[in-house]
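Structural overview
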Amino acid sequence: MLNINAPPTFATRWLAPRLSDFRSQYPFIDLSITTDRIQTLKSARQHDCLVFFDQAPWRDLACQMLMQEHHIMACSPSLWHGNQPPKLVKATLLHILDGDKRLPVWEQWDLHFGLSGVDTQGGLHFSTLDQAINASIAGAGILVVDQTMIIQELQSGLLKRFDDRELMGPQAYWFAEITQNSQQKELVTTFRTWLMKQLSLSDTRAFELDELSLSPD
């Protein structure tokens, strides 16, 4: 059994849809995947490996960056008026909480692009990105979101890219090996190798989606 901890949205939207591939390749490796909030090295030692979301690697761990946030604006097509996206000054903005703080993704977007007359603090706040994505699909508002987490929704038309602007976020997903057990280390290596291959395929899908969404009609 390989014990893995990962952020809730990463586990739900990115990892879970790919686990059938892992299982088909490695049917002898059982996985236990949890989404507990890990804040200390002591609590991390319950697991064989971690995927965590942060601006930098943890100082006391050997970490490998998996992918950095690639932000775009997106919302439900139901909010569009013909070929025109909704006006931001009248729109509901969707926010994600990080513990008791709000991730400043809208402020960073405003700092980089400028959002005249837009209240970047008001709107709806959610404890996970997954909740915010689901609310956006339902037409509750507009989201600045890591494109990697909504590739399927963009391809299916459940969400629509607001425009062609994009911004690399300050945070990234990191991988850390925790276990000191030699047998578990072999399993961690197998999982990490598979994970990196899947990330490469995901990058290709995101690039193809960019090409499709930004090509002229």
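Residues numbered from 1 in each chain as written. Predicted model: local features only at pLDDT ≥ 70, side-chain atom pairs only at ≥ 80, totals over all residues. Heavy atoms only, no water.

**Some thoughts on the overall build of the chain**
Per the secondary structure count, the chain includes seven helices and ten strands. Taking 2.2 N^0.38 as the reference for a compact globule, 217 residues should give roughly 17 Å; the C-alpha atoms of the chain span a radius of gyration of 18 Å, in line with that estimate. Projected onto its principal axes, the C-alpha coordinates of the chain cover approximately 55 × 35 × 25 Å. Residues classed as buried in the chain amount to 44% of the 217 residues present. Counting only contacts in the chain whose residues sit at least 6 apart along the sequence, the fraction spanning at least 24 positions is 80%. As presented, the chain carries roughly 11,400 Å² of accessible surface, and 50% of it is formed by carbon and sulfur atoms. Across the chain, the 18 positively charged side chains and the 25 negatively charged ones have centroids separated by 3 Å. (Helix = DSSP H or I, 4+ residues; strand = E, 2+ residues; numbered from the N terminus. Rg over C-alpha atoms; globule rule 2.2 N^0.38 Å. Buried < 20%, exposed > 50% of the residue type's maximum accessible area, 1.4 Å probe, protein only. Contact = heavy atoms within 4.5 Å. Areas by Shrake-Rupley, 256 points an atom, 1.4 Å probe, with all protein chains shown as cover. Lys, Arg positive; Asp, Glu negative; His and termini not counted. Charge placed at Lys NZ, Arg CZ, Asp CG, Glu CD.)

**What to know about the packing of aromatic side chains**
Under the counting rule described, the total for this entry stands at eleven aromatic pairs. Aromatic pair F191 and W194: ring centres 5.8 Å apart, planes at 35°, arrangement tilted. Taken as a pair, F191 and W194 lie in helix α7 (residues 182-213) at a separation of three residues, close to a single helical turn. For the residue pair F191 and W194, the accessibility class agrees, reading buried in each case. Here the aromatic residues F22, Y26, F28, F175, F191 and W194 are joined through ring pairs into a cluster of three or more. (Phe/Tyr/Trp six-rings, centres within 6.5 Å; stacked < 30°, edge-to-face > 60°.)

**So, the side chain of E177**
Take E177: it is sitting in strand β10 (residues 167-177). Reaching out from E177, the side chain makes a polar contact with the side chain of K185 at a distance of 2.6 Å. Excluding residues that lie within four positions of it along the chain, E177 makes contacts with D48, C49, L61, A62, K185, V188 and R192. (Polar contact = N/O pair within 3.5 Å; in protein donor to acceptor, adjacent residues only side chain to side chain.)

**Here's the deal with the pattern of salt bridges**
In the structure shown here, the tally under the stated rule is eight salt bridges. Between D98 and R37 there is a salt bridge, with the nearest N and O atoms lying 3.0 Å from each other. Placement of D98 in strand β5 (residues 93-98) and of R37 in the loop between β2 (31-34) and α3 (41-44) is noted, with a sequence separation of 61 residues between them. Owing to a relative accessible area of 34%, D98 belongs among the partly exposed residues under this scheme. Residues joined in a network through salt bridges with shared partners are R13, D130 and E153. (Salt bridge = Lys/Arg side-chain N within 4 Å of Asp/Glu carboxyl O.)

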